Amino acid sequence: MCRLSAISSAEYTSVMDAVMALDTMKEGHDGSGLGVTLKDLGGEFEHLKEYPILSGIYSDAGRRRTDEYMERCGFKAKFTWEPRITEGAGINVQRRGHYLATAYQFPDHYRDRPWSEQEELLTRTRLELRRQGTDDDSLYVFSFWPDTITLKEVGDPLEVGRFFGFEQAPLTARVVLAQGRQNTNYSIQLYACHPFFLQGYCTMTNGENTAFVPNRDFLASRGFYGYHGYDSDSEVFCHTLHYSHHQLGYPLTYFKDVITPLKDAEFAGRPDGATLGLLKRSLRQLCIDGPNCTIGFLPDNTVFLTHDSKKLRPGIVGGKTGHYGLMSEECGLDQVLPRRQRQDDIIPMRYELVIIPPGAQEVQVWNQRNGSITTVS
Amino acid sequence: MESAQRLDHNSELSLLEFPYIIRWREDRCSRCGRCTAVCPTRAIEASVMAQRLVHTDTEGGTLLPATIRRVSTVIRQVNDIDHHCVGCGTCSLVCPNMAIMPEYNPRHKFLFHKNRGGVPYARGGRRNDPATSTLDKLKFTRISMLTDPSLDAGRHEFYIRTLMGRNLSAEALPLERQGDLLLPRPGAFIPPVREIFPIRIGGMSIGALSPPMWEGLAMGVAYLNEVENIPVVMCSGEGGLPPRLLKSRYLKYFIPQIASGYFGWDEIIHALPEMIEDPAAIEIKYGQGAKPGDGGLLMAYKVLKLIAKIRGVPMYVDLASPPTHQTKYSIEEAVAKMIQSVSMAWGFRVPVYPKISGTKTALAVLNNLARHPYAAALTIDGEDGATGAAYNVSMDKMGHPIASNLRDCYLELVKSGKQNELPLFAAGGVGKEANLAANAAALILLGASGVDIGKYIMQAAAECYGDEHNRCNLCNLGRCPRGITTQDPRLYRRLDADRVAQRVVDIFKSAETELKKIFAPMGRSTQLPIGMADGLGVGDQAIADRLQISYVC
């Protein structure tokens, strides 16, 4: 089962903290890979927040091809970050090529366009680059978005973290999502590695999604250019989040109503009960069937965690004001926040959605049955 | 003087030409005559047989050969093609000594001869094809293991329900945001949707079915809904509904059907002001899988007083439904006239959907319906469906298998993103080999929202004799030996409506358990796994390719 480690913090946090948590939770994953997505970046990217960052892996040819393509599109590179790759004894990670995060300036003719057009350009550019690398594996691109970096590689998470040089020169961010990936019934493939990112929305999920095919078919038939990929059954969570929040304009709490709808008899407990039946029917094919725990963030850096009723071991959220961890296992939280007040830990039940608003000043627990919010700070 | 032709029997058929040959045991028969009395086709008759027996006489201590002539009463199978044995086996059912039994003759030449008088062979029943159907070749191969532990069919909660009716797309939902809440916009139209059990009883009319059969089905359906909490719905078939039912609270479990003869609809419309419940839905029949492109016919001798009253016709007249709706010029017109006007009759509170035969042109119908906001669903009836009366050639040679037809339609809806908006119901061959839940689940995984059954329920609930070897199939003649498809009181008195109802309840309860046993190992319980084709596999590459599922071996 994949292990999930997320941190939401008021201060910039090292990505290595999340990786160490994964290592602590090692019993649960087979060390087949590490994926990290960082949002609200610190360090060298702190002053580049408005510039979209292309995260990817390139062979020499792939790098040249990408540079040429980006130049042709009118993107101007502002800054490129490369991890301090560390190889040697105890690090069994095969270097694939150049690991780059490049901040670009929008093409001149796009600078004054509405955000909706800019975000479409970013997504279409990423997908086109992905397409160009599909046949020869010359390039992989994971995200192309302002203030966001994604890195993925196959190997034991701790070894991959060391490989990227995070011990000496870590990336920092206020929101970090990291996932130790287990290949289940899908082959080991970088695009199958969580977290998944689309237009500011990001999720990582553990457990197999048995309703994957109906979920995927429904999303892929929405006519939205970004619903693409699906090398993992967990990618649908990210796209469902995007669909409900971005496309349909629903508040975040309705994401839970979409993926884990209440029973009809439970609608009455909610002030918007009449809406729930309509959503349940119209979005029937986005209902998941678990067992899944999912952690994600929104474009405004809100971080959340929820799971379905079949999740035998729920996720856990704990920490202190300004620094919270959201983990699939309690030991991961102990690693990141050993001195927290454990009695304040939140182990959500199936009806709960844990929300950490931007800035990590408090934790909100939204109850699906009655729509109430309990705030812990 | 007899002609030479007559004497050598050259113009007669041998019993080997017949599909069923009667095996009669003289040593067991008590000559009670019950078998000849019940035979629905008069294929057997009491006859006499002269026998010459050779024995030995003992005369003065010397053994001498001698003959005696003995006349005995026998049961003889007639070799008249119009009185062929249909293999129903009613004779064996009534025989007190197990002395008689029909036996299938695989080398028969029945169809070479069954067109006397220039009249093609007509019958009831289903396609005579005993081969394993595609549905029965499909296996459920995605079993949850370790990474997503499978569920416990006996312990977990399962949602074995489907939606019948038009589901608005999320984009079209009339919702408005108030703070962090989404609330329905007051007064906005939301199409009616019913939550039902995914196996429905398909259209079989009062008239085609005998009173106790229809009543038994109806009682079973009401019990399932009211007592067992299994919301099974049942289609009326063409021919209306009993007046008392129209005005009762049980109407909500029934789907009145309109077909090209419009039988019973005058009565239904006139009963509208007195209805205290809306029906579950309205089905508009454009075609039937067993006899696509063919109309219906209820023979005059089935049109007794009750049938005449329900259908609003005189007694003892042939009731022919034309092959098409005579007032319709095109699908657009059909949709506009029928679906909208019928929807309007119930104030747009009742889902209205068409049923068509399985056909290569199903996609054209589907695409039209998908664009029509009042079309509530589409039912596609495949070639393995059954009928009360049709020409043999229609049943055996016309039609389209349901599996690929349904799959094509579902994938077409996926292409246009409307797979959740327009539910597909599949019929025709569900439970052909008694695997009701497995066939239903396979169709659901291929994309159906639900399935219809007809002949399965007749066989399982009322012991219909019919099979794919042309057994019995006398539904069209009103001589059903089980009393299922007859209006002859002497025959239908054999059928106990209460027992039929009990069996209907048994069948749906066991089907629900079996569906759980299928969905549980696949890890599915919260929603019906519509379109979850990754759960299916088949050991036939061509079928796998055609249905876009895995080939397994």
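Residues numbered from 1 in each chain as written. Chains lettered and ligands numbered in written order. Predicted model: local features only at pLDDT ≥ 70, side-chain atom pairs only at ≥ 80, totals over all residues.

## Considering the environment of I75(B)
Residue and element names in this part refer to chain B.
And step 1. Mapped onto the elements, I75 comes out in strand β3 (residues 62-77).
And step 2. When the 22 C-beta atoms within 10 Å are taken as the criterion, I75 is described as buried.
And step 3. Once the C-alpha coordinates of I75 and T36 are considered, the two residues, 39 residues apart in sequence, prove to be 8.0 Å apart.
And step 4. Contact partners of I75, with chain neighbours within four places excluded, come to W24, C29, C35, T36, I44, A46 and I100. (Helix = DSSP H or I, 4+ residues; strand = E, 2+ residues; numbered from the N terminus. Buried ≥ 20, exposed ≤ 12 C-beta atoms within 10 Å, placed from the backbone. Contact = placed C-beta atoms within 7 Å.)

## So, the interface of chain B and chain A
And step 1. Between chain B and chain A, the residue contacts involve 34 residues of the former and 31 residues of the latter.
And step 2. Only β9 (181-184) and α13 (402-416) of chain B provide two or more residues apiece to the side of chain B that touches chain A.
And step 3. A class-by-class count of the residues in the side of chain B that touches chain A yields 17 nonpolar, 12 polar and five charged. (Nonpolar A, V, L, I, M, F, W, Y, C, P; charged D, E, K, R; others polar.)

## Brief notes about the sheet that holds strand β24 (residues 550-551) of chain B
And step 1. Taken in spatial order, the three strands of this open sheet run β6-β23-β24 (chain B), and their pairing is mixed. Taken across any chain shown, the strands that pair with only one partner, and hence form the sheet edges, are β6 (138-140) and β24 of chain B. (Pairing = 2+ DSSP bridges.)

## Some points on helix α5 (residues 212-220) of chain A
And step 1. Counted residue by residue, α5(A) has eight buried out of nine residues, so it is predominantly covered.
And step 2. Within the span of α5(A), buried status applies to F212(A), V213(A), P214(A), N215(A), R216(A), D217(A), F218(A) and L219(A).
And step 3. In this structure, the buried side of α5(A) is in contact with α6 (235-247) of chain A together with α13 of chain B.

## Structural notes on unusual backbone geometry
Glycine aside, residues mostly have negative phi angles, and peptide bonds mostly take the trans form.
All names here are of chain A.
And step 1. For the bond from H194 to P195, the omega torsion is -10°, close enough to zero to count as cis.
And step 2. Mapping P195 onto the fold places it in the loop between β8 (172-180) and β9 (196-198).
And step 3. Of note, the amide linkage connecting G290 to P291 takes the cis form, showing an omega dihedral of 0°.
And step 4. Considering the arrangement of structural elements, one finds P291 in the loop between α8 (273-282) and β11 (293-297).

## Considerations on the environment of I288(A)
Residue and element names in this part refer to chain A.
And step 1. Relative to the helices and strands, I288 is located in the loop between α8 and β11.
And step 2. I288 sits 15 residues away from G273 along the chain, and the two C-alpha atoms are 20 Å apart.
And step 3. The residues touching I288, leaving out its near neighbours within four places in the chain, are N209, A211, N215, I259, T260 and D308.

## Brief notes about the nonpolar core
And step 1. With 250 residues, the main nonpolar core has V15(A), V176(A), M234(B), L406(B) and L443(B) as its most contacted residues.
And step 2. In contact with V15(A), other than residues within four places in its own chain, are V36(A), L38(A), F166(A), P170(A), L171(A), A173(A), V176(A) and A178(A). (Core = buried A, V, L, I, M, F, W, Y, C linked by C-beta atoms within 7 Å.)

## Focus: the sheet that holds β11(A)
Residue and element names in this part refer to chain A.
And step 1. In space, the seven strands of this open sheet follow the order β9-β10-β11-β12-β15-β16-β17, with antiparallel pairing throughout. In this open sheet, the two strands that pair with only one neighbour each are β9 and β17 (373-376). Looking at each pair of strands side by side, their axes are set apart by 20° on average, direction ignored.
And step 2. Each of β9, β10 (201-206) and β11 touches α6; the most contacted strand, β10, lies at about 140° to it. (Axes fitted to C-alpha atoms, helices over the stretch in contact; angles between N-to-C directions.)

## What to know about the pairing of β11(A)
Regular strands show a simple pattern: their side chains alternate between the two faces of the sheet.
Residue and element names in this part refer to chain A.
And step 1. In terms of residue burial, β11 counts as a mostly covered element, since five of its five residues are buried.
And step 2. With burial as the criterion, each face of β11 is covered, one bearing C293, I295 and F297 and the other bearing T294 and G296.
And step 3. Taken together, the five bridges between β10 and β11 define a ladder with antiparallel strand orientation. Directly across from M204, in β11, lies its bridge partner I295.

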